[in-house]
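Structural characterization, general
What follows is each chain in one-letter form.
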Amino acid sequence: MAARKRSALQAYLSQQYIDFDLDHPTQRLNSLYADFSKLLVLNPYGYNANVSYWRSVILDCNAHGVLGNADYRLAFDMDELGSHFLRPGLGKPLALSCVVNSMVENKELVTMRDFMTLYQLPNEISSSTWWWSSISQWLWSRSNGNPTSSETYIVMPTLKSIAKHIVQSYANQTVTHATTSLMTLPEFRARYGQLDTIDLTDADIWLLLRYLNAEMGVAVADNVKGYGTEYVVVKFPAKDEKAEITQHDRALVSMKTTCHALKVQVDELQTKAEELATMAHEHYRAKRKAQALYAHKRKKHIMEILDRRLRSLETMEMMLLKIETSQNDLQVVRAFNMGADALQSILSKEDLSLATVDEAMFKVQKAFEDQKEVEDAIVMGTEEANNRVPELDDDELEKELEDLQREEMAAQQQQLLSSPSRPPLRQVTQSAPPPDRSESELARINNLFQQLRKTDTPPSTTPRLQQPQQQPEQKMLAE
């Protein structure tokens, strides 16, 4: 196992760091493996550079699960650290103790003894639980044993990163019922024991639970009675609260474990019944009637047990569902109460009352009335201004229009007479410009007024002189 871990570590170092290339290492690797502790006085810059390099290598390798010991992925033994980095031709690094001391000063490494003192579990954790008793005895034997024994260091950046990831994963999941925050230790291990870069051991799980309980409010309790045994229970806290495992939670754990055990029994009984049915058919085809009857009888007994287990499972799941539903209803009622309190606090303010609402509506109505008065004043002023404009006489307008018509006709005749030569009007090509629209309109209006005068004037007894026939050019122009 240790040789396999060293091989994985060397392969990872060769892939991630050019200095540790297995085929072509750099010259700097010689100084990293040498005893550079004396450089603290002679060359502090070189000493700090080497310490910083080894620090990043140790943290990175531990975070990716290639640096640990036989029991931990989050810790390593000091006497085994040099063996992990053993290289042919260079041997072990000679100044790793300087690196470890520096990391201890920066609280990046904590000894197992100090960790157990800093992050203690509550008093309800007793040594009667098998997991806790076996792990705690092993931890304390390694920490408080022979003073000359190797010290075990826990890598705190890796542990804190994983703890933060667990809490964020729980916070991001969809809460379907009130018991989502409650789980047993096997459920916790199955959900959070395997990460992308590292697989946690049972000892790592307990280190994480200690840190989660002390720093992030996660509750841990053992001796919680379940189906046939006692369980270690983990409960995540609500937002900005510290979790606490109550008697109600213990009852829920008992029911959940019972449901799980019944499901396992149902699956086993169903599989056994199917096997006995197959066995009975085989004996019957082989004409072994006694064996076939025996297998069939056993199948009937198992089916009776299976039926009782299914009824028990149905009852237990129904009770659990009702409890979870009641808890959800309780959360809904609490939300209703909070909403009602918030609404009542808003309504109780001075700015929102019956008097203030009436006053505001009166102000709005007064503003509408003022705006209506302004509009009425504008309309009346506009009408008065229009009435003051003098009206024009229609007869005078008609006379001015006739004078304008006569002037235009005279100008056109003068233009025709002054022209020395002009082509016949009938031979005008299509490229000639069309007559002016204003001229044609004036001619039409003039004809209209002449017809009106003829109808209004009574016929005279004196015969009128026949007017001379118009010239063809004038006739064409009038048309």
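Residues numbered from 1 in each chain as written. Predicted model: local features only at pLDDT ≥ 70, side-chain atom pairs only at ≥ 80, totals over all residues. Heavy atoms only, no water.

Quick look at the overall build of the protein
Looking only at helices and strands, the protein features 17 helices and six strands. For the protein, the proportion of its 479 residues judged to be buried stands at 31%. For the protein, the share of sequence-separated contacts (at least 6 apart) that also reach a separation of at least 24 residues comes to 70%. As displayed, the protein offers around 32600 Å² of accessible surface, 54% of which is attributable to carbon and sulfur atoms. (Helix = DSSP H or I, 4+ residues; strand = E, 2+ residues; numbered from the N terminus. Buried < 20%, exposed > 50% of the residue type's maximum accessible area, 1.4 Å probe, protein only. Contact = heavy atoms within 4.5 Å. Areas by Shrake-Rupley, 256 points an atom, 1.4 Å probe, with all protein chains shown as cover.)

Topic: the sheet that holds strand β6 (residues 230–235)
Taken in spatial order, the three strands of this open sheet run β4-β6-β5, and their pairing is antiparallel. Because the sheet does not close on itself, it has two edges, and the strands there are β4 (182–184) and β5 (219–225). When the angles between neighbouring strand axes are averaged without regard to direction, this sheet yields 30 degrees. Of the strand pairs in this sheet, β5 and β6 are connected by five bridges, and their pairing is antiparallel. Paired with Val 224 across the bridge in β6 is Tyr 231. Most of the contacts of helix α10 (residues 185–192) go to β4, to which it runs at about 95 degrees, and overall it touches β4 and β6. Running at roughly 60 degrees to β5, helix α12 (residues 247–285) makes contact with β4, β5 and β6 of the sheet. (Pairing = 2+ DSSP bridges. Axes fitted to C-alpha atoms, helices over the stretch in contact; angles between N-to-C directions.)

Quick look at the nonpolar core
If you look at the biggest cluster of nonpolar residues, it comprises 36 residues, and the most contacted ones within it are Leu 159 and Phe 188. Of all elements in the fold, only α7 (112–118), α9 (156–172), α10, α11 (202–215) and β6 reach the threshold of two or more residues within this core. Broken down by element, this core gets its largest block of residues, eight residues, from α11. Filtering out sequence-adjacent residues up to four positions away, Phe 188 remains in contact with Ile 166, Met 183, Gly 193, Ile 205, Leu 209, Leu 212, Val 234 and Phe 236. (Core = buried A, V, L, I, M, F, W, Y, C linked by side-chain atoms within 4.5 Å.)

Regarding the packing of aromatic side chains
Enumeration over the complete set of coordinates arrives at 15 aromatic pairs. When the centroid spacing of 6.4 Å and the interplanar angle of 15 degrees are considered together, the rings of Phe 20 and Tyr 53 count as stacked. With Phe 20 in the loop between α1 (2–16) and α2 (28–33) and Tyr 53 in helix α4 (residues 44–63), the pair connects residues that are 33 residues apart, well separated along the chain. With relative accessibility at 13%, the residue Tyr 53 sits in the buried group. Seen from their ring centres, Phe 20 and Trp 54 are 5.9 Å apart, and the 75 degrees between their planes marks the pair as edge-to-face. Of this pair, Phe 20 sits in the loop between α1 and α2 while Trp 54 sits in helix α4; the two residues are 34 residues apart in sequence, bridging distant segments of the chain. Residues Phe 20 and Trp 54 agree in their burial class; the two are buried. What links up through ring pairs into an aromatic cluster is the set Tyr 17, Phe 20, Tyr 33, Tyr 53, Trp 54 and Phe 85. (Phe/Tyr/Trp six-rings, centres within 6.5 Å; stacked < 30°, edge-to-face > 60°.)

Here's the deal with the sheet that holds strand β2 (residues 109–111)
A sheet is described by the order of its strands in space; here three strands give the open sequence β1-β3-β2, paired in antiparallel fashion. The strands lining the two open edges of the sheet, one partner per strand, are β1 (75–77) and β2. Across this sheet, the average inter-strand angle for adjacent strands is 35 degrees, counted without regard to direction. Across three bridges, the pairing between β2 and strand β3 (residues 152–155) is antiparallel. The residue bridging Leu 109 from the neighbouring strand is Val 155, located in β3. Sheet strands touched by α9: β2 and β3. Its angle to β3, the strand with the most contacts, is close to 45 degrees.

A few points about the confidence of the model for the protein
Averaged over all residues, the pLDDT of the protein equals 80, while 79% of them reach at least 70. Taken together, the stretch residues 126–133 has pLDDT below 50 and engages in 18 contacts with residues farther than four places along the chain or on a different chain. Every residue in residues 142–149 scores below 50 in pLDDT, and together they form nine contacts with partners more than four places removed in sequence or on other chains. (pLDDT = per-residue confidence, 0-100.)

As for unusual backbone geometry
At Asn 223, a position not held by glycine, the phi torsion is positive, near 60 degrees. The backbone of Lys 287 sits at a positive phi, close to 60 degrees, despite the residue not being glycine. Mapped onto the fold, Lys 287 is located in the loop between α12 and α13 (289–347). Taking the relative accessible area as the measure of exposure, Lys 287 reaches 77% and is therefore exposed.

Remarks on the pairing of β5
The element β5 is extensively covered by neighbouring structure, given that five of its seven residues are classed as buried. Linking β5 to β6, which pair antiparallel, is a turn of four residues; within it Gly 228 sits at a positive phi near 80 degrees.

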